[in-house]
Amino acid sequence: EAALEEAKKLLAESEAKAKFAADTLAEAAGEAEAALQQQLKDAEAAAAQAKADADKAKADAEAEAAKLAEDLAAAEAKAKEDAEAAAVELAKVTSEAAAAAAAA
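As the structure is a computational prediction, the values presented were derived from the model and not from experiment.

Participant: For this particular structure, what's the right way to read the overall build of the protein chain?
Facilitator: Each helix and strand in the protein chain was counted, giving 1 helix and 0 strands. The globule rule puts the C-alpha radius of gyration for 104 residues at 13 Å, and the 44 Å found for the protein chain is more than 25% above it. Counting only C-alpha atoms and orienting by the principal axes, one finds that the protein chain spans roughly 150 × 15 × 5 Å. Within the protein chain, the fraction of its 104 residues that count as buried is 0%. Surface accessibility of the protein chain: about 8700 Å² in total, with carbon and sulfur atoms responsible for 65%. Charged side chains of the protein chain number 12 positive and 24 negative; the gap between the two group centres comes to 1 Å.

Next up, the structure:
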């Protein structure tokens, strides 16, 4: 009977150790899952930020390209205007020179 009591005692201790091990494992698994969930949340936030940054960079580049196109159009218009003014001036000088030559 003493042997039976000893066996029951050992069985109870084994069950307690097994329960402790199972509880510890479950707690560790819960902590690992929480850590993975946080990493996933952080990665999603980083991806969203990267997309927002890329969208802003694209919008900035498009705005800069539009401004450059506008500046180029203005420069072309100014160059055309200057060329036309130079042609008028040349015609005037040529006409004056022809008149002077005719008078001489």
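Participant: Any chance you could explain the pattern of salt bridges here in plain terms?
Facilitator: Two side chains bearing opposite charge may form a pair once their charged atoms approach each other closely. Enumeration according to the criterion identifies 6 salt bridges in this entry. As a salt-bridge pair, Lys51 and Asp55 come within 2.8 Å of each other at their nearest N and O atoms. A residue pair is termed a helical-turn pair when its members lie 3 or 4 positions apart in one helix, as Lys51 and Asp55 do in helix H1 (residues 2-103) at 4 residues. Its relative accessible area of 53% is what places Lys51 among the exposed residues. Look at Asp55 and you get partly exposed, because its relative accessible area is 40%. Across the pair Lys56 and Asp60 runs a salt bridge whose closest N-O atoms are separated by 2.8 Å. Here Lys56 pairs with Asp60, and both are found in helix H1, just 4 residues apart, close to one helical turn.

Participant: How should I be thinking about the environment of Glu81 in this particular structure?
Facilitator: Residue placement: Glu81 occurs in helix H1. Between the C-alpha atoms of Glu81 and Leu10, which are 71 residues apart in sequence, the distance is 105 Å.

Calculation rules
Residues numbered from 1 in each chain as written. Predicted model: local features only at pLDDT ≥ 70, side-chain atom pairs only at ≥ 80, totals over all residues. Heavy atoms only, no water. Helix = DSSP H or I, 4+ residues; strand = E, 2+ residues; numbered from the N terminus. Rg over C-alpha atoms; globule rule 2.2 N^0.38 Å. Buried < 20%, exposed > 50% of the residue type's maximum accessible area, 1.4 Å probe, protein only. Areas by Shrake-Rupley, 256 points an atom, 1.4 Å probe, with all protein chains shown as cover. Lys, Arg positive; Asp, Glu negative; His and termini not counted. Charge placed at Lys NZ, Arg CZ, Asp CG, Glu CD. Salt bridge = Lys/Arg side-chain N within 4 Å of Asp/Glu carboxyl O.

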